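What follows is the residue order along each chain.
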Amino acid sequence: VSAASDIASEVLGRRIGLRIDGSSRLRLERAVEECARDAGCAPDAWASSLDSDGAALQALIDRVTVQETAFFRHPEHFRILAEHLHALAPPSAGIIWSAGCADGQEAWSIAMVLEEHGLLGWTVVATDVSRSAIARAKAGVYSERQIGGLDDARRARFLRLEGEHWAIVHPLRRRVRFLVHNLAGGHPPLEAGDCPVVFCRNVLIYLRSEDARRLLVNLHLRMPRDGLLAIGAAEALSPADADFVPERRDGAFVYRPRSDVAGIPAPPAPAVRRRREPAPPADRGPSAAEHAALGEKHAAAGDDAAAIESFRRAASLAPGDPVHHLRLALTLDRTGDSGAPRAFRAARAALAAGGRARIEQELGWSVVEVERLLESRLGRR
Ligand SMILES: C[S@@+](CC[C@H](N)C(=O)[O-])C[C@H]1O[C@@H](n2cnc3c(N)ncnc32)[C@H](O)[C@@H]1O
């Protein structure tokens, strides 16, 4: 299987930009084994057919890509989206591209926001390289567990119970078109027009750096001056990705095409949500959580140096908490500071020592995403 996986890894990289390393290598080996068994072939022979057999390649892509997603995942992005669309000069209309939509929850969530805000002219184009993901997304039928991110009001308005599953209602279906599309293939799909808003979240971390970079360049070429790009919370663009500028809003980063910065009025700074914590005894100074909250506040105000200082203090007070190390590392990384790898290493050590639940509770990121991020910054262990 190892030789077959080498072949498959090379084909996946070349054809869809997938980066195979670390944990994804094991996933690939399993997928190759299963695909070869289904096809009744030896793994090596099966892998050698990948380049010429589209169905075999698609079967592998369906198995090896990570389809993890949820309704209103990282809810801040959806609030920012509504605010952004309202702020555009009327009459406004266009297409929002959900790029790498997996099973479709992200695209349907965007469509719900459009309905809720009466943004009548907007529609969604949702794409993914996995055919089976697109088929599931288009079907729009979800289990009780999969609709976890939806409150009662949204369930009542946008879903209909069919047996044991929930189906997207028809008025919402008019808002979204689903297409198979390869983000490493060169250009955005024609159907996405000039991409005024792109959600490409939790996809870049799975791509080889050169493919991720090319995708960003292509996006930038097509985006209008008032465009908006949302990427995953664990995917901070590095300073090398000079086409987009981060903008912190409502506790999350979104990205704007760089050439537009001067012309775009800055949105009002959002209030920073602080977690309620008992005040520490006066003689002990601020707690790690308070330093972290202060760091968030500095970051929201664009003061990276002060944010770094606060995150550093939080990390030194609670060295076992990967959240503080990660916040520090991401801020250092974004500002091009050479201390970023050290902070990423500390985050990795804290994660290995048992901080997984904190990552999910505090940041809303899956541990798989954070591990991919750490691998992309530090390489394999
Ligand atoms: C983790 S899911 C992200 C889903 C959703 N965007 C979210 O954030 O919840 C990653 C998706 O990227 C897709 N993907 C990976 N490589 C791709 C490529 N080259 N072109 C298009 N989609 C790709 C995978 O098939 C998978 O569905």
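Quick summary incoming for the structure in this document.

The next point concerns the overall build of the protein. The number of helices and strands found in the protein is 16 helices and 10 strands. Counting contacts in the protein only where the partners sit at least 6 residues apart, residues at least 24 apart contribute 71% of the total. For the protein, the computed accessible surface area is about 17,300 Å², with 53% contributed by carbon and sulfur atoms.

A word on the site of the ligand. Around the ligand, the structure places 22 residues, and the nearest of them are Thr69, Arg73, Gly100, Asp128 and Asn202. Separating a nitrogen atom of the ligand from a backbone N or O atom of Ile16 is a distance of 2.9 Å. A distance of 2.7 Å separates an oxygen atom of the ligand from a polar atom in the side chain of Asn202. With the chains in place, 99% of the 600 Å² that the ligand exposes on its own is no longer accessible. Broken down by class, the residue content of the shell around the ligand amounts to 10 nonpolar, seven polar and five charged.

Our focus in this paragraph is the sheet that holds strand S5 (residues 165–168). Taken in spatial order, the three strands make up an open sheet running S3-S5-S4, and their pairing is antiparallel. One side of each edge strand has no neighbouring strand; the edge strands of this open sheet are strand S3 (141–142) and strand S4 (159–162). One ladder, built from two bridges, connects S3 with S5; its direction is antiparallel. Bridged to Tyr142 within S5 is Trp166.

Turning to helix H2 (residues 23–39), a few remarks are in order. Over its 17 residues, H2 runs 25 Å from end to end, which matches the ideal 24 Å to within 8%, given 1.5 Å per residue. Burial in H2 covers these residues: Ser24, Arg25, Leu28, Ala31, Val32, Cys35 and Ala36. All buried residues of H2 fall inside an arc of 125° around its axis, so they share one side. Away from its buried face by more than 90 degrees, H2 exposes Leu26, Arg37 and Asp38. The inward-facing, buried residues of H2 contact helix H1 (2–16), helix H3 (43–48), helix H4 (54–64) and helix H16 (367–378).

In this section: the pairing of S5. Where S4 meets S5, four bridges bridge the pair, whose relative direction is antiparallel. Within S5, the residue paired with Arg160 across the bridge is Ala167. Counted between consecutive antiparallel strands, the loop separating S4 from S5 contains two residues, among which Gly163 sits at a positive phi close to 65°.

Moving on, we come to the nonpolar core. Formed by 43 residues in total, the largest nonpolar core has its most connected members in Trp97 and Leu229. Per-element accounting of this core gives the leading share, six residues, to helix H13 (residues 322–334). Ignoring any residue separated from it by four or fewer positions in sequence, one finds Trp97 in contact with Val125, Thr127, His181, Leu183, Pro188, Pro189, Ala192, Cys195, Val197, Val198, Phe199 and Leu219. Grouped together as the second largest cluster of nonpolar side chains are 40 residues, Ala111, Leu119, Val124 and Val254 included.

Quick look at the environment of Arg73 now. Looking at the element boundaries, Arg73 is found in the loop between H4 and helix H5 (76–87). Given a relative accessible area of 13%, Arg73 falls into the buried group. The sequence separation of Arg73 and Arg201 amounts to 128 residues, and the corresponding C-alpha distance is 9.7 Å. Not counting the four nearest positions on each side in its chain, Arg73 is found in contact with Glu68, Phe78, Arg201, Asn202, Ser366 and Glu369. A polar atom in the side chain of Arg73 sits 3.2 Å from the backbone oxygen of Glu68.

About the cut-offs
Residues numbered from 1 in each chain as written. Predicted model: local features only at pLDDT ≥ 70, side-chain atom pairs only at ≥ 80, totals over all residues. Heavy atoms only, no water. Helix = DSSP H or I, 4+ residues; strand = E, 2+ residues; numbered from the N terminus. Contact = heavy atoms within 4.5 Å. Areas by Shrake-Rupley, 256 points an atom, 1.4 Å probe, with all protein chains shown as cover. Near = heavy atom within 4 Å. Polar contact = N/O pair within 3.5 Å; in protein donor to acceptor, adjacent residues only side chain to side chain. Nonpolar A, V, L, I, M, F, W, Y, C, P; charged D, E, K, R; others polar. Pairing = 2+ DSSP bridges. Expected span 1.5 Å × (residues − 1). Buried < 20%, exposed > 50% of the residue type's maximum accessible area, 1.4 Å probe, protein only. Arc of directions from axis to C-beta. Core = buried A, V, L, I, M, F, W, Y, C linked by side-chain atoms within 4.5 Å.

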